[in-house]
Protein chains: 2
Amino acid sequence: MKKEDILKKLRSSGLRPTKQRVEIAKFLFERDKTFHFTVESLENHLAKKTTCKFALATIYNTVHAFKKAGHLSEVDVRGKKTYFDTNITDHHHFYDNETSELIDIDASEVVIQKIPKAPNGKKIKNVEVFINLKN
Amino acid sequence: MKKEDILKKLRSSGLRPTKQRVEIAKFLFERDKTFHFTVESLENHLAKKTTCKFALATIYNTVHAFKKAGHLSEVDVRGKKTYFDTNITDHHHFYDNETSELIDIDASEVVIQKIPKAPNGKKIKNVEVFINLKN
DNA sequence: TTTTTACTTTAGAATTATTATAAACTAGAA
DNA sequence: TTCTAGTTTATAATAATTCTAAAGTAAAAA
């Protein structure tokens, strides 16, 4: 991903390209594979990869702005911490409770044959399949 | 549900039948339909329904003991609070983000035709389907 | 370019959900 | 009854997250 694309991510999220934000964006979006993280794990990765200092609040703010702009998604995981995902396509997850690790499942890997209709005046927004793993 | 059954729930959870615990057990298990709650919502319901006083810690302890004994299940919902469910059968959920309301879906209402195999040395523990609703 | 303005970062305080603690209380055994 | 182990409770502690206000910086205006 080019520098210009990183700036585009920031601009489209309503964020000025500051040193911290550029580092966060580069870390999150300059990669081939999907990345799952919590704010805490992201902070650790940033501390290792960059020389720049990051206040936790900056990471929270930036991640939330990316999420609001649709550049990140949030994953429902039981537990206290919030998990984010750089994969924003419609997809599903394996979850390994032993390691707290999430693994993406492409939407095409899951076929649902039957599903109930939405109640009363509601519509279905999306369907998430969550496969818990054990050893 | 008879009084003896309430006591059975408590005993099988390793809990002595104190006033508070009996009230909580009666409130949770003397009902026909599934009940979804957070510790906070349960506290509010108990305050209305009973004259007994409840420390938050007592509610947390009791609910966790029930969960550990398999009398309650926990639902993955994005957000800070932990949701519990009196339905302990294998089933799925609708989630209405507007109202933060959960609705049960019986396992028979969902048929999955294709699912990926578990990675490396792992096995599938269970599959949860979560249907988000919109208006 | 300088100045100005509006947005940012940051450290630390505040908040929220939950868990731990320790003293006062109680169910059930002896 | 009396005793003992398990309980309740208020409060403190912890953890994740959000808020705040002062100091810093990007980019528009002059």
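You'll find the structure just up there.
Parameters at a glance
Residues numbered from 1 in each chain as written. Chains lettered and ligands numbered in written order. Predicted model: local features only at pLDDT ≥ 70, side-chain atom pairs only at ≥ 80, totals over all residues. Heavy atoms only, no water. Helix = DSSP H or I, 4+ residues; strand = E, 2+ residues; numbered from the N terminus. Buried < 20%, exposed > 50% of the residue type's maximum accessible area, 1.4 Å probe, protein only. Lys, Arg positive; Asp, Glu negative; His and termini not counted. Charge placed at Lys NZ, Arg CZ, Asp CG, Glu CD. Least-squares fit on C-alpha atoms with pLDDT ≥ 70 in both. Contact = heavy atoms within 4.5 Å. Near = heavy atom within 4 Å. Polar contact = N/O pair within 3.5 Å; in protein donor to acceptor, adjacent residues only side chain to side chain. Nonpolar A, V, L, I, M, F, W, Y, C, P; charged D, E, K, R; others polar.

> Any details on the overall build of chain A? Residues and values, ideally.
Check the secondary structure of chain A and you find four helices and seven strands. Along chain A, helices and strands appear, N-terminal first, in the series α-α-β-α-α-β-β-β-β-β-β. The principal-axis extents of the C-alpha atoms in chain A amount to approximately 50 × 40 × 25 Å. Residue burial in chain A is summarised as follows: out of 135 residues, 44% are buried. Of the side chains in chain A, 25 bear a positive and 18 a negative charge, and the two mean positions are spaced by 7 Å.

> Could you give an account of the relation of the copies chain B and chain A, with specific residues and numbers?
Its rotation angle being 179°, the transformation that places chain B on chain A also includes 0.0 Å of axial translation and leaves an RMSD of 0.1 Å. Both chain copies can therefore be described as sitting about a two-fold axis. Comparing contact sets, 100% of the residues at the interface of chain B also lie at the interface in chain A, consistent with an isologous, same-surface contact.

> Break down the environment of F84 of chain B for me, with residues and values.
Residues and elements named next belong to chain B. Looking at the secondary structure, you find F84 in strand 3 (residues 83-85). For F84, a relative accessible area of 2% puts it in the buried group. Counting along the chain gives ten residues from F84 to E74, while the straight-line C-alpha distance between them is 4.4 Å. When near neighbours in sequence (up to four residues on either side) are disregarded, F84 contacts F35, H36, F37, V39, V63, H64, K67, S73 and E74.

> Describe the protein's contact with DNA strand C, with residues and values.
Taken together, 19 residues sit near DNA strand C, with T18 and K53 of chain A together with Y60, K81 and T82 of chain B positioned nearest. Backbone atoms, meaning sugar and phosphate, make up 81% of the atoms of DNA strand C lying within 4 Å of the protein. Take R21 of chain A: an N or O atom from its side chain is 2.8 Å from a sugar or linking oxygen of DNA strand C. Between DNA strand C and the protein, one listed contact pairs a phosphate oxygen with a side-chain N or O atom of Y60 of chain B at 2.6 Å. Element by element, the count of residues in the surface near DNA strand C is highest for helix 4 (residues 56-68) of chain B, at three residues. The class makeup of the residues in the surface near DNA strand C is seven nonpolar, six polar and six charged.

> Could you give me a rundown of the protein's contact with DNA strand D, with the residues and numbers involved?
Residues in close proximity to DNA strand D total 21 residues, the closest being Y60, K81 and T82 of chain A together with T18 and K53 of chain B. For DNA strand D, the backbone portion of the atoms within 4 Å of the protein, that is sugar and phosphate, comes to 78%. Between DNA strand D and the protein, one listed contact pairs a phosphate oxygen with a backbone N or O atom of R16 of chain B at 2.9 Å. Taking K53 of chain B, its main chain carries an N or O atom lying 2.7 Å from a phosphate oxygen of DNA strand D. For the surface near DNA strand D, the per-class residue count stands at eight nonpolar, six polar and seven charged.

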